[in-house]
Structures are given as structure tokens and as C-alpha cells.
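Structure assessment
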Amino acid sequence: MQRVPLTPATTGHWAEDDTQSSNGTSAQCSGSNADTAGGETPSRVFLPLVVGFSFSTRLYKIAEPPHVCWDETHFGKMGSYYINRTFFFDVHPPLGKMLIGLAGYMTGYDGTFPFIKPGDKYEDHNYWGMRGFCAVLGSFLPIFAYLIVLELSRSHMAALITATLLIFDTGCITISQYILLDPILMFFIMAAVLSMVKFNQQAYRPFTVPWWLWLVLTGVNLAGALGVKFVGLFVILLVGLNTVSDLWRLLGELSLSLADIAKHLLARVIGLILLPLFLYVTIFGIHFVVLNRSGPGDGFFSSAFQSRLIGNNLHNASMPEYLAYGSTITIKNLRIAGGYLHSHWHLYPEGVGARQQQVTAYLHKDYNNLWLNSKIPYLVIKKTTRNLHSHLHEAPLTKKHFQVSGYGINGTGDANDLWQVEVCGGRKGDLVKVLRSKVRFLHRATGCVLYSSGKTLPKWGWEQVEVTCSPYLKETPSSQWNIEDHINPKLPNISLSVLKPHFLEILLESHIVMLRGNSGLKPKDNEMNSKPWHWPINYQGLRFSGVNDTEYRVYLLGNPVVWWMNLGSLGLYFVMVAVASVTLQRGLSLEHSRILKSGGGLLLLGWLLHYAPFYTMGRVLYYHHYFPAMLFSSMLTGTKTSFYINTDIVIFFYLFHPLAYGMTGPLAHDPGSTMAGLKWMDSWEF
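Throughout, residues of each chain are indexed from 1 in the direction in which the sequence is written. In view of the model being predicted, local features appear only for residues whose pLDDT reaches at least 70, and side-chain atom pairs are presented and counted only at 80 or more, with totals across whole chains, interfaces and linings using the full set of residues. With hydrogens and water stripped out, all remaining heavy atoms of the structure feed into the side-chain values.

Digging into the overall build of the chain
So the rule is basically this: Secondary structure counts use DSSP, requiring at least four H or I residues in a row for a helix and at least two E residues in a row for a strand, with both numbered from the N terminus. Here's how the labels work: a residue is buried when its accessible area is under 20% of the maximum for its type, exposed when over 50%, partly exposed in between, all with a 1.4 Å probe on protein chains only. When checking whether two residues touch, look at their non-hydrogen atoms; a contact exists if any pair is within 4.5 Å. All accessible areas in this document rest on Shrake-Rupley with a 1.4 Å probe, and a residue is counted as covered only by the protein chains that are shown.
Regarding its fold elements, the chain presents 16 helices and 16 strands. By the burial criterion, 56% of the 686 residues in the chain qualify as buried. Pairs at least 24 apart in sequence give 74% of the contacts found in the chain among residues at least 6 apart. Element-wise, carbon and sulfur atoms account for 63% of the exposed surface of the chain, whose accessible area totals about 29400 Å².

Listed below in C-alpha cells is the structure:
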């Protein structure tokens, strides 16, 4: 059977009656798509305009205000850590922070600014390079949107309107101008979508250089998106669904043999799975190599992990390998911020269990973390000589758990001081290896297990972490511990370098710690927690800088006309698709039917994937989480409004631009304010 080359008409990306040119694009257009008839001329005019306006609006006043704004206190500080090679912990993968640090280093920043709190003056420190890097990446968003919509709609006007929506959106400008992960994340998301769309358009000439180029670029950008934040998984899912649809279409091509289909499948596995996975792992490899010095992130990780960090007390240390009676030890809990088992002279106050010596978990290394592993078997607090003790009194904060205290003196005590050490996942009698063994302490009298609740005690407990005895015996990080320091003159020492974890171990541990950290981001008391339904309606923005009329104020809020137009377009899309479907079913031709049902469907799916999952998340949420979804809704709006240019967008950009670029003077309720009369919703805080 003769093999025939695939054409766009057979790929499912185009309608069957479309006339195709040699490069796979529509050769004939009519109606509102007539703007493509001039060939490349519109792009030669429109694209430079989009580039010029996009970069100028993002880079304007990039150095203002000259102080730390909002989350710059986190991500600027983390960029400094990379410059100084100091280990830290963050709930997000490392690529975004690494790029911020690299941008700062390449533009002369020396990593010495402390980034303590919002409002701190930068003074003579070179911060503009990191802001400028984020702004440059943010400037590409309207450009990418223009190219994506142009590919999907074949309409220069639709592409121009999409770019206009994003160029003159005050929210997109604001979120691009500061040292944040968001512009970096959105750059990779949009680059991945553009590469995917370009790859789709190469379907009629598979395995050529352009086909491989766009496939590989899609994979590279997927790795970039996931390497900045875990929400990069949403664009991976979008590309994955598109790929499944594409392979399903190929399976229906009778001109293709099963061997041909297998080649297509293998190419996509290489380009969209193996390549992104390799790059993602490489990002972490670089992260671990660069951050090789002890820092504020040590305590979030296991003792074995810490032993690889220069400056940590475990680095190149020597100690006995296995625990024995008579050893002096420190005991570290395995939950995030679980702390070291700790005690001090202070007693529990009246009304809080028995008035005995407090036992807590402390997040820092301290002499009061030292315990003596007695022969009886007791765990004796080295400094106060009290025994680790539990009884049926209720724990201070965690209900249904028992209090843990220090009791007895100099080796004397009672039956409530007896604990059994068990190796998790091991057998009875297994030896306890320092750093590596996960153990739990079973209280013989009550059958409960030693537990770090993660809750902060009141001032009487020095705001340290509560330690309890849990009657629930399921093994969790809160009930698992490891031996970190081990001193016993009667035993031979070994170098801890032989116990260092290998790369895959620290890669797995870092992901476990990040995921636990993400799930632990709960709203604090009196903290503003944005709701997902707030976001599409632009219900409430986010204060980046300043509160009163004497301060330089920046407020993250989308251009109301853009956001409300996007919201209306989402609803209108379903009506337009229904009308188009009925019309086509009746055998009539309707403009935009292909765009609505294919390109528009892809953009709607992108919006849903980047928005709907937030309704299922238990972590604290913020307004800025919606911006990736907003990009898709703006592109969807552009594909449906290509018959006119809405000049209101520019007008309202002018009215609301002080929110993005900053303002001083009276607040919006004052008639003399630059924002007087523009506070249309009571929830807007400017």
C-alpha cells in the first residue's frame, strides 16, 4: 500500500474543507480572518509593536520603589543564598530562585543584602538586575500570547487584541516587575504552550528538523515550569492530554503502519517525558552542588542529609556507628520543623498536666538536647538528670494525647520512665544506626509513642514545639526519630562520610520535605486568605507596598475591564460553541467554527487546568495564584473578539496604572487622590 504524507487537513487541527498552503497554514481566508490575506505584512507591523509596548510597560520604573516589596523578602533572600552557596529550604523547586540568584550575580549584586522584611531600603545594593530579569521574562508573556493565538486562529487581529489585553493589564505588569517566581513560572508555561501549538502545526511533516525542534522545546519548557513551581504540573497535564489526543488521531490514520505509530509514540516519550525528567533532575543536581554550605535550611532535613553540608557539625564528623547503653545522644524528630528532643529546668504551669519538668522539641542545636541512654532503660536528660516520663495526664495542646515530662533524679524514677526503642521497618533486636535508622519510642506503661505535634507552646513553654505521647501507633514522621549526635568513649568511631546519602536519596527526601511543607501552609490567625471564586471577578487585590498616604503604595489588581471581559468571554464561549455546533450539524458554514471548537477548546482546557485544582487545595491561597489561568482566559477572549479593538482597555489602563507603577498621597476615598472615584469595589484596598 502506498504511504501518503499527512496533511493538516488529516491531523484534526483543521476542518476538512480548508484549503492548505505548502506550509500547512490556511491559504484562503474570508470574513474576519481576512487580515491574513496580506501574508506576513501584518506580523511585520504588529509583532514589533507588541514587543515594544510589552517591554516598555514592564521595564518602566523598574527600580521603584527602592525598597523590598511583598515576597521579594523571600525570593530575593533565596537568590542571595545561591550567590553565597548557603543551604536553605523552600516549598518550591529550585529553578526560579537559581535564575534569580544568577541574574543578581551577573549584574553585580554581591548577595549581602539581608531581605529581612518588606519596606527595608535597598540603599547601595544592586537589586535592579534581579527585578529586571523578572520583568524581561514577564515582557515575553504578551508576545507568546500573540504568537499562540495567531497560530490557533490564523487572525492577526485576534492575536493583536490578545496581546493588548495582557500588555495593558495592570496586574500582569505589577507581578512582572518584582523579584518573584510568578513571571518566571508564567514564562515557561506560555513557552511550553507556544511550542506545543507550533509542534501541532508540523504534523504534516513528521520527524523533520522543525518537528523535532518544537517537540524538544516543548519538553524543555515543561521541565522549566515544573522546576519553578509544582503548579507547573498543570501545563504538563495540558500537553499530556493534547499528546494523547494526537496519538489517538494517528492511530486512526490507516495510511500509517503500527511501526510508524510506534515511532511517533517513542518520539513523544523521549521529548515529553524522558527529556523533561532528565532536565528536572539536573536542576536539583545543580541545586545540591551549589548549596553546599550549612544554612537556615539544615533543620528541615534529616541528619544524614545535613552531614553533607560544609559547616554543619555533622560534616566530616566521627562517632560510634551503633547506639549502645551509656551513650550521650541527641534525638531529632523526622517531621518538618519537628525539632530535637529537649528539656530544661522550667516546669509545666499549674493546670497543665502534672507540675513536672517540661519536655519539648527545639529547632536549634543546644546543650539541653543531650540525653543519656541509660541501662535501665531510661532516657536521662543530661543537664537536669531527670528521666523522660509520660503518664495519663492530658498533653498541653493536643487533645487525647498524653503529657511528656522530666521526672525522677539521678537514675531513680518509676515505671512511667520506661521506654522501648523500636527500629521502624526493622525486626526486634535490630541495632540502631546513627543518622540512618528511623526509630520510635514506645512507652511501656501506657503503650503510647513519643510524638512531636508541630504545635507551638505558649510563652511558658518558651514557644518551643509540643512533645506528647500519642496513643495512635500508626508510623508517621511525627512519631519517628533518628539519632544525630552520638558520644561514647568505649566505642570505636567511624567517619560519617560513609553514611552520607547518595543523590537519589537526597532528591527523594527534598521532594518529601517540599510536599509536606506545601501541605503545611495553612492560613495563620487574622491572615487574609483569598478564595478561588474571588479571582476571576477581580474581587480583591494584594498589597505589595505601603499602607498609608505617606508611603509609596503598589497594589496588585488586574485592569477591571480586561478581567471582566475575560469573565464574560468564558460564559459566551459555551453559547458560541453551541450555536456553531447546531449550525454545522445543519450543514451550514459558520465563521470561526474551527477556531471555537479546536483552538478555543484548547485554551478553555488550559484555563480550567490552571484554575479548578485550587478549589481542592487545603493550603493558604493568594490572588496571584490565578495569573497563569488569566493568561489562558485572555487568549480565549482574543480568539472571540477579533472583529473589533476595544480601546477601553487602554483608557482604563491609563486610569488604573498608578496601582502598578506606584503612587503617594491621599488614599482612594479622598477626592484629591489619583485613584479618586476608581474604588469600585469595597474589597479593593487602595
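Moving on from the coordinates now.
A word on the confidence of the model for the chain
Parts of the model with low pLDDT should not have their predicted coordinates read in detail. Where we set the bar: What pLDDT conveys is the predictor's confidence in a given residue, as a value from 0 to 100.
With 88% of its residues at a pLDDT of at least 70, the chain reaches an overall mean of 87. Taken as a whole, residues 1-39 scores under 50 in pLDDT and shows 69 contacts with residues more than four places along the chain or in a different chain.

Overview of helix 5 (residues 156-167)
Put simply, the test is: Each residue after the first adds 1.5 Å to the expected span of a helix.
Its 12 residues place the ends of helix 5 16 Å apart at the C-alpha level, agreeing with the 16 Å of an ideal helix rising 1.5 Å per residue. Across the 12 residues that make up helix 5, a large majority, 11, are buried. Along helix 5, the residues classified as buried are His156, Ala158, Ala159, Leu160, Ile161, Thr162, Ala163, Thr164, Leu165, Leu166 and Ile167.

So, the state of the cysteines
Applicable threshold: The disulfide criterion used throughout: a pair of cysteine sulfur atoms within 2.5 Å.
For the structure shown, the criterion picks out one disulfide. Here Cys448 connects covalently by a disulfide to Cys469, the sulfurs 1.9 Å from one another. Torsion about the S-S bond of the Cys448 and Cys469 cystine: about 95 degrees, corresponding to right-handed handedness. You can see Cys448 sitting in the loop between strand 10 (439-443) and strand 11 (449-456) and its partner Cys469 sitting in strand 12 (residues 465-470), a full 21 residues away along the chain. Overall, the relative accessible area of 1% leaves Cys448 in the buried class. Overall, Cys469 belongs to the buried group, its relative accessible area being 0%.

Section: the packing of aromatic side chains
Just so we agree on the cut-off: Centres within 6.5 Å make a pair out of two Phe, Tyr or Trp rings, where for Trp the six-membered ring is used; the pair is then stacked when the planes are under 30 degrees apart, edge-to-face when over 60, and tilted otherwise.
Considering all chains together, one arrives at 41 aromatic pairs under this definition. Ring centres 5.3 Å apart and planes at 80 degrees place the aromatic pair Tyr611 and Tyr626 in the edge-to-face group. Placement of Tyr611 in helix 14 (residues 593-611) and of Tyr626 in the loop between helix 14 and helix 15 (627-640) is noted, with a sequence separation of 15 residues between them. Tyr611 sits in the buried class, given a relative accessible area of 7%. In this structure Tyr626 comes out as buried when scored by relative accessible area, which is 3%. A connected cluster of aromatic rings, assembled from ring pairs, spans Phe234, Trp535, Trp563, Trp607, Tyr611, Phe614, Tyr615, Tyr623, Tyr626 and Phe627.

Quick word on unusual backbone geometry
For the peptide bond that leads from Glu64 to Pro65, omega is -10 degrees, which places it in the cis range. In this structure, Asn316 takes a positive phi of about 55 degrees despite not being glycine. If you trace the backbone, Asn316 turns up in the loop between helix 11 (303-306) and strand 1 (318-319). The backbone of Lys400 sits at a positive phi, close to 70 degrees, despite the residue not being glycine. Checked against the element boundaries, Lys400 lands in the loop between strand 7 (387-394) and strand 8 (402-407). Taking the relative accessible area as the measure of exposure, Lys400 reaches 62% and is therefore exposed.

As for a nonpolar patch on the surface
The following threshold applies: A residue counts toward a patch only above 30% relative accessible area and without a salt bridge, and it is joined to like-charged neighbours within 9 Å or, for Val, Leu, Ile, Met, Phe, Trp and Tyr, to nonpolar neighbours within 5 Å. We count a salt bridge whenever a side-chain nitrogen from Lys or Arg sits within 4 Å of a carboxyl oxygen from Asp or Glu.
Taken together, the side chains of Phe207, Trp212, Val216 and Val220 present a nonpolar region at the surface, about 290 Å² in accessible area. If you trace the backbone, Phe207 turns up in the loop between helix 7 (182-201) and helix 8 (209-228).

Remarks on the pattern of salt bridges
Where charged atoms of side chains with opposite charge meet at close range, the side chains can pair. Applying the stated rule across the entire model yields 15 salt bridges. Lys399 serves as the salt-bridge partner of Glu394, at 3.5 Å between the closest nitrogen and oxygen. Here Glu422 and Arg440 are joined by a salt bridge, their closest N and O atoms 3.0 Å apart. On the criterion of sequence distance, the pair formed by Glu422 in strand 9 (residues 419-423) and Arg440 in strand 10 is long-range, its members being 18 residues apart. Judged by relative accessible area, Glu422 falls into the partly exposed class, the value being 23%. Residue class for Arg440 comes out buried when judged on its relative accessible area of 12%. Three or more residues are tied together by salt bridges with common partners; here these are Glu151, Arg154 and Lys198.

A word on the environment of Trp533
Relative to the assigned elements, Trp533 resides in the loop between helix 12 (503-519) and strand 15 (542-545). The partly exposed category is assigned to Trp533, whose relative accessible area is 48%. C-alpha separation for the pair Trp533 and Tyr611, spaced 78 residues apart in sequence, amounts to 9.7 Å. Those residues within four positions of Trp533 in sequence are excluded, and the remaining contacts are Tyr611 and Tyr615.

Focus: the packing of helix 7 against helix 9 (residues 233-251)
So the rule is basically this: To define axes, lines are fitted to C-alpha atoms, for helices over the stretch in contact only, and angles between the resulting N-to-C directions are given on a 0 to 180 degree scale. For this classification, under 35 degrees means roughly parallel, over 145 means roughly antiparallel, 65 to 115 means roughly perpendicular, and everything else is oblique. Under the scheme applied, nonpolar residues are Ala, Val, Leu, Ile, Met, Phe, Trp, Tyr, Cys and Pro; charged residues are Asp, Glu, Lys and Arg; polar residues are all the others, including Gly.
Between helix 7 and helix 9, whose axes approach to 10 Å, the crossing angle comes to 10 degrees. In terms of axis orientation, helix 7 runs roughly parallel to helix 9. Only Val235, Leu238, Val239, Asn242 and Asp246 of helix 9 make contact with helix 7, whose side of the interface consists of Ile189, Ala192, Val193, Met196, Phe199 and Asn200. The residue inventory of the contact of helix 7 with helix 9, partitioned by class, reads eight nonpolar, two polar and one charged.

Points about the environment of Pro477
Structurally, Pro477 is set in the loop between strand 12 and strand 13 (481-487). We classify Pro477 as partly exposed; its relative accessible area is 22%. Apart from the residues within four sequence positions on either side, Pro477 is in contact with Asn333, Leu334, Arg335 and Arg516.

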